[in-house]
Each structure stands twice: as structure tokens, then as C-alpha cells.
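Spelled out from the first residue to the last, the chains are:
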Amino acid sequence: MIKIYNSYTNKLEEFHPIHENEVSMYVCGSTVYNDMHIGNSRPIVFFDVVVRFFQYLGYKVRMVSNFTDIDDKIINKAKEENVEESVISERYIASILETYHQLNCLPHYKNPKVTENMNEIISFIELLIQKGGAYVVDGDVYFDVSKVKNYGILSGQTQENLITGARISENEKKRNANDFNLWKETTEGKKWHSPWSDGRPGWHTECVVMISNIFKGKIDIHGGGIELKFPHHDNEIAQAEVAYNHAIANYWMHNGRIDLNGVKMSKSLGNVIMAKDLLKEIGYGPYRLLLLNVPYHQPLNYRQELTNQAINDYDKIINTKKGLIYKLQIEKNITDYKVEKITDSVICSIREEFINALSDDFNTANGLTALWKLIKLMNQLSRQKEFDVQTIKESLTLLDEMMWVYGIDKVINPLNNEDLEIVSLWKEARNNKDFLKADEYRKLLNAKGIML
Ligand SMILES: [Zn+2]
């Protein structure tokens, strides 16, 4: 049984999907005026593991994440470069999709864009007005938060707190301080015709509309970074409540942010690490290990040591896997190690520990503890003189399963004839007690990444 810490109820709850064996998920995506920094990549990687784990357990998962391709920041960047806004948004959509791919993320079911959902957004705003949850002032449309009983429920803010926290500036036309823009008349940037004015939709509406378009109703899991809880997610909840009289999602999950050396990452401070730069430097395996070493609720304080640690850890995992694969090949001429069923009791119990860890609110840190137990066992297996083919095969099969769930999987090709030739020369030298020569061959193999 999977348990999820639902940030809507602030409780650890058993997961019951709307449709048996199916999971519908939506995670708020990027505003496409820049590349992703490592903070933005945390939900992408974490929720990819959530999807993988559900799939591993046999669920059919539909995971959607949007691209916000209308925004003031995109307009400003387009002006700076003297190009159309779509040039900017398409450039960064392509770049971000490439980063997803480099991060070894499974392709999403859909990546909708705001510009492709404009008719639906306009109809949705009309519906909110009809239902009395929104009002028009000149060419603008606002959502009326006073029409929602529990406004701010997700972030746990009371109406009083909200009211004192927000002020209406003089040039704003809204009735309540927390009312937010559904439609804005604009003279700048790309605009669309609507019953109210030529303008653009507000940010908070797009996710509600896309979820309802794609999933035709409530979804199982809505995810995103903790910074989106308020006002973005509270505003999504409020709109769905007025428009459909139902919650938008059964479970809300929020990941903690990533700080850089103890300081909040911010582009204006210049202390930002771009995901694609770090990926280029260390690759997806260490990158994902670095993020998944920390439970997703917790903030992650990024520092150089974590990178070094993750690189070492990943090397250890890969070398253990390689070692046993080569050993099976060299000693027993076996290159296909996958088994249909794992029967060894120790390996079974490690698998159970792994599944239990991830079933407990996707605790990826505890899942890694199980993975390290397996690595320890595999290293023991590789040192045994009489080695146990079946157990080695089972351990490799489980390691592949775990690595796939974490998205750190890597195919190890069997040794080729040339490598095998050197291996047999190495063995021969050893048998002849010609240790100098044996050492030379060993070094030659090591240089090819073959550790024996
Ligand atoms: Zn959203």
C-alpha cells in the first residue's frame, strides 16, 4: 500500500486511485524564458521517480506537465532580442525538453502549452463569471476570492492573515486584496480576442484548464515546488471549486527547494546552477542520485561535496554491476543475466525493503539504503571463489530494477573479443605466476573501464 503525505490535509494517507491501477498526475512546469536551474529540475526528477515507481508496481500512469509560454518575462526577453515571443518560448521549450531527456526522464503523457489552450481558457473564464466567481472591470477579469469559503486552505492561511498580508495598490481595480487576474487587457506583446478585451490570461488559470481538458475531471496527484503552494495552487483549488464544485486533485505533493551553499538560488543574485551545465559535468546518474539522496519534502542544500559524493556513489554502483557482468561472462560465458523470478531470500528481503521505502511517501533516501545493501551483497558475491550463478543473476536483476526506478539505469555491454583476449592473457600470466605481466594486462583492462 502506497502512502502519500497529502499537503492538502497535512496527513500521511493511503493512496487510492480514482480508477483502479491507473494514476493521473499533473506537475506545474516551467515558464519558458530561460533554461532550468537545478532547483527547477528537482520536481522533474522526483516526480519522474514517482511515475517510475507506480509503473514498477504495475500502474498505468498519465503524467502531464505544462509549459507557460505567455508571460511578461517572455515578452521582455523578446523585446531585448527584437524577436517574436514565440521565438523565445519555442527555443526554451526545445532546450528544456532536451534537458528532460538528458536527465533520463520518461517522456510525459502530454506537455500542453498555454497558447494551444486559449479557447478553452476563455470559455473557462466565462464559466467562472457565469457562476458568480469572477467579475469584469473595464477590460480585465478578476477572480473573486470572497466567493470561496475556504480560500487559502492549502497553504493554511486564514482570511485575516491574507488580507493584512496583501494590499490593493491605488491603480488596481480589484475588490479584495487577494483577488487575482484571470484576464488582462494588454497593449504589449501577443494578445488574443476575448469577450472582455484583447489581452492575455493570468497564470493561475492555465493549469486548471489543462487538467480539465486532458483528464476530464479530478486527478489523483497534483505536484509542484513548495513555493507554488500559495498563491498558485490555492488559486487553482479556488477556481476548480467555483467552476466544477469539486477539488482539482485528491493528493497534493510539494517538493522542497534547493539552496546553493545555504543561500536561496536566485537569478538576480547570480548564484544559480543551470541543470544542463551540471548534467554536462557529471551526467544523469550522479545528478539524480544527488537529488534523490534527500527526501523530497526537505530542502536540499547544494554544495560541491554533494556532487563529488554522488559521482563516487554512482561509480561504485556501476563498477559493482560491471564486475559481476564481466565475471559471469568470463567464468561461465553467460551474457544474459536477467531472471524471471527472484527466489533468494536475502535478495527478496532487500527488494521488499526497497518497495516499502518508496511506498512510504516515496522516501528515495531510504530506498537508496536498500540499494546499498544490495551492492554490499553483490561485492561479497563477486569475492566468492565458487560463485553462485543464480544468486548473481538475481542480484543483477534486482539492481537493474532499482536503477530503473531511480532513472539511473545504464546498459553495460558485454566484453568484446579483443577484451576477452586480454582477459585470457591476464589469466594465463597469473597462472604462470608472471605477476608483472599480469599487472600490465590488468592495467590495460582498467584503462578500458574493465575492473576485475
Ligand atoms: Zn500550475
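Residues numbered from 1 in each chain as written. Predicted model: local features only at pLDDT ≥ 70, side-chain atom pairs only at ≥ 80, totals over all residues. Heavy atoms only, no water.

Here we look at the domain arrangement of the protein
Assigned domains within the protein: domain 1 (3–255) and domain 2 (304–447). A separation of 43 Å is found between the C-alpha centroids of domain 1 and domain 2. For the pairing of domain 1 and domain 2, the buried interface totals around 1400 Å² over both sides, and the portion due to carbon and sulfur atoms is 67%. Broken down residue by residue, the surface that domain 1 buries against domain 2 is led by Arg52, Phe53 and Tyr56, which jointly contribute 44%. At the boundary of domain 1 and domain 2, one finds seven residue pairs in polar contact (both at pLDDT 80 or more). Elements that contribute at least two residues to the side of domain 1 that touches domain 2 include exactly strand S1 (3–6) and helix H1 (38–56). When residues in the side of domain 1 that touches domain 2 are grouped by element, the largest group, eight residues, is from H1. Along the lines of polarity and charge, the residues of the side of domain 1 that touches domain 2 split into 12 nonpolar, two polar and two charged. (Domains from an automatic or database assignment. Buried area = accessible area lost by both parts, 1.4 Å probe. Polar contact = N/O pair within 3.5 Å; in protein donor to acceptor, adjacent residues only side chain to side chain. Helix = DSSP H or I, 4+ residues; strand = E, 2+ residues; numbered from the N terminus. Nonpolar A, V, L, I, M, F, W, Y, C, P; charged D, E, K, R; others polar.)

Quick look at helix H2 (residues 72–81)
Those residues of H2 that fall on the buried side of the exposure criterion are Ile74, Ile75, Lys77 and Ala78. For H2, the angular spread of the buried residues around the axis is 165°, confining them to a single face. Elements in contact with the buried residues of H2: helix H3 (85–102) and strand S8 (199–201). A side-chain oxygen of the first residue of H2 lies 2.8 Å from the backbone nitrogen of Lys73; this N-cap is Asp71. (Buried < 20%, exposed > 50% of the residue type's maximum accessible area, 1.4 Å probe, protein only. Arc of directions from axis to C-beta. Contact = heavy atoms within 4.5 Å.)

Some details on the side chain of His222
Position of His222 among the secondary structure elements: in strand S9 (residues 219–225). You can call His222 buried: its relative accessible area is 0%. The residues touching His222, leaving out its near neighbours within four places in the chain, are Tyr26, Cys28, Ile211, His233, Glu236, Ile248, Ala249, Tyr251, Trp252 and Met253.

Points about the coordination of the zinc ion
Distances from the zinc ion to its protein donors, namely Cys28 (SG), Cys207 (SG), His232 (NE2) and Glu236 (OE), fall within the range 2.1 to 2.6 Å. Classification of the site at the zinc ion as irregular follows from its four donor atoms and the range of 77 to 128° in their angles at the metal. In the primary structure, the donors to the zinc ion are separated according to the pattern C-x178-C-x24-H-x3-E. Of the two residues, Cys207 is situated in helix H6 (residues 203–215) and Glu236 in helix H7 (residues 229–244); the sequence distance between them amounts to 29 residues. Assessed through its relative accessible area of 0%, Cys207 is described here as buried. (Donors = N, O, S within 2.8 Å, 3.2 Å for Na, K, Ca; no water. Tetrahedral: all angles 85-135°; square planar, octahedral: opposite > 155°, others 65-115°.)

A word on the pairing of S9
Within S9, seven of the seven residues are buried, which leaves the element mostly enclosed by the surrounding structure. Pairing geometry for strand S3 (residues 22–27) and S9, over three bridges, is parallel. Pairing of Met25 across the sheet is with Ile221, part of S9. As defined by bridge partners, S9 adjoins strand S10 (residues 249–255) across six bridges and the pair is classed as parallel. Bridge pairing links His222 to Trp252 in S10. (Pairing = 2+ DSSP bridges.)

Points about unusual backbone geometry
In this chain, Phe230 is followed by Pro231 through a cis amide linkage whose omega measures 0°. The backbone phi angle of Asp138 is positive, close to 50°, even though this residue is not glycine. Tracing the backbone through its elements, the reader meets Asp138 in the loop between strand S5 (134–137) and strand S6 (140–143). Look at Asp138 and you get exposed, because its relative accessible area is 60%. Even without a glycine there, the phi angle at Asp361 is positive, about 55°. Within the fold, Asp361 resides in the loop between helix H11 (345–359) and helix H12 (364–383).

With respect to the packing of H6 against H7
Relative orientation of the contacting elements H6 and H7 amounts to 55°, with a least axis distance of 9 Å. Taken together, the axes of H6 and H7 are oblique relative to one another. Considering how the two elements wind past one another, H6 and H7 form a crossing that is right-handed. Contact residues: Trp203, His204, Thr205, Cys207, Val208, Ile211 and Ser212 in H6; Pro231, His232, Asn235, Glu236, Gln239, Ala240 and Tyr244 in H7. Across the contact of H6 with H7, the residue classes tally to seven nonpolar, six polar and one charged. (Axes fitted to C-alpha atoms, helices over the stretch in contact; angles between N-to-C directions. Parallel < 35°, antiparallel > 145°, perpendicular 65-115°, else oblique. Left-handed = near helix turned anticlockwise from the far one by under 90°.)

Here we look at the nonpolar core
Counting 97 residues, the largest nonpolar core has Phe15, Met25, Phe54, Ile221, Met253, Tyr287 and Phe362 as its most contacted members. The biggest single contributor to this core is H1, with 10 residues. Both domains that meet at this core, namely domain 1 (3–255) and domain 2 (304–447), each give it at least three residues. Apart from residues lying up to four places away in sequence, Ile221 is in contact with Ile4, Phe15, Val23, Ser24, Met25, Tyr26, Phe54, Ala249, Tyr251 and Met253. (Core = buried A, V, L, I, M, F, W, Y, C linked by side-chain atoms within 4.5 Å.)

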